[in-house]
Amino acid sequence: MQKNKLTPVVELIKNSFQIYFKKENLIYLTKIALVYFGIVTLSSIPLFFLAPSSFGFIHGFKLFSQARFDLGFWNLAAVLISLLAVIIIVLWMAATLIVAVSLVAMGKIISVRETLARAWSSTKNLFIQGVLGGLVVTLGLVLLIIPGLVFGVWFTFAGFLVVAGGLGAIESLKKSKAMVSGIFWAVAGRNAVFIILIGLIQMGASFIPYAGGLVLILFSPYYVLLPYLLYEDVKRFKAGEEA
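Draft legend 1. The arrangement of the overall build of the chain in detail. Along the chain, the regular secondary structure elements total 13 helices and 0 strands. The helix and strand sequence of the chain, counted from the amino end, reads α-α-α-α-α-α-α-α-α-α-α-α-α. Taken over 243 residues, the chain has a buried fraction of 39%. Within the chain, residue pairs in contact and separated by at least 24 positions form 73% of the contacts whose partners lie at least 6 positions apart. For the chain, the computed accessible surface area is about 13900 Å², with 72% contributed by carbon and sulfur atoms.

Draft legend 2. The arrangement of helix 7 (residues 123–143) in detail. For helix 7, spanning 21 residues, the distance from its first C-alpha to its last is 30 Å, which sits close to the expected 30 Å at 1.5 Å a residue. Among the residues of helix 7, Thr 123, Leu 126, Gln 129, Gly 133, Val 137 and Gly 140 are the ones counted as buried. End-on view of helix 7: buried residues confined to an arc of 115 degrees, all on one side of the axis. Exposed residues on helix 7 whose side chains face more than 90 degrees from its buried face are Lys 124, Leu 135, Val 142 and Leu 143.

Draft legend 3. Structural view of the side chain of Arg 190. Along the chain, Arg 190 turns up in helix 11 (residues 184–206). Buried within the structure, Arg 190 lacks any salt-bridge partner; its nearest side chain of opposite charge belongs to Asp 233, at an N-O separation of 5.3 Å. Sequence-distant contacts of Arg 190, that is, excluding residues within four places in its chain, are made with Leu 6, Thr 7, Pro 8, Val 9, Leu 12 and Leu 230.

Rules used throughout
Residues numbered from 1 in each chain as written. Predicted model: local features only at pLDDT ≥ 70, side-chain atom pairs only at ≥ 80, totals over all residues. Heavy atoms only, no water. Helix = DSSP H or I, 4+ residues; strand = E, 2+ residues; numbered from the N terminus. Buried < 20%, exposed > 50% of the residue type's maximum accessible area, 1.4 Å probe, protein only. Contact = heavy atoms within 4.5 Å. Areas by Shrake-Rupley, 256 points an atom, 1.4 Å probe, with all protein chains shown as cover. Expected span 1.5 Å × (residues − 1). Arc of directions from axis to C-beta. Lys, Arg positive; Asp, Glu negative; His and termini not counted. Salt bridge = Lys/Arg side-chain N within 4 Å of Asp/Glu carboxyl O.

This is how it looks when you write it as structure tokens:
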């Protein structure tokens, strides 16, 4: 009987390239990447117009009249609302990437519109999970760097569990920690390799004249596909342990 083991990191990387560069997957993921970039860019435009004038509120009671102060206050309020909207949209697009890579990993492709619709339903829980997980990791980093890194590894799969697994925010954090239990260093090591690989890809793209930025945008789904395959591999490994 073959012993249940995690897939070696080299095999995960090899599988990720095979999935990503399959013709129909590449076309689908490229569409998703362009939609991601387009929606996030458009949602950020109001900030470029509102942010400069919001300084009227910050310096209003020293440099401006009361009328200008009031205008600055409302501009600042508009900036904060716009910023919140951008955060929600970015999370929606992040969920969209997870939905997309989960589909291609299963050999399925749906329309971009349906992908966006599926992702939207999990955006609220992804926001809550991101806030809770981010606070815990940040607190760990502030108090002592090592705990923050440990929390970061524990919560590696939380986003996938929210979007692809359908769990709530708190449940996803608990489940992610349970998935990493017993294989902490294996997960941490694979994450480190992924970070190095993605860094090398980004570095290489930066040397491409004129088109480097576009390459980085179009390749963005791959940065999600790679850890998603690890998530699926750990799920398989844990299921084998329980069998």
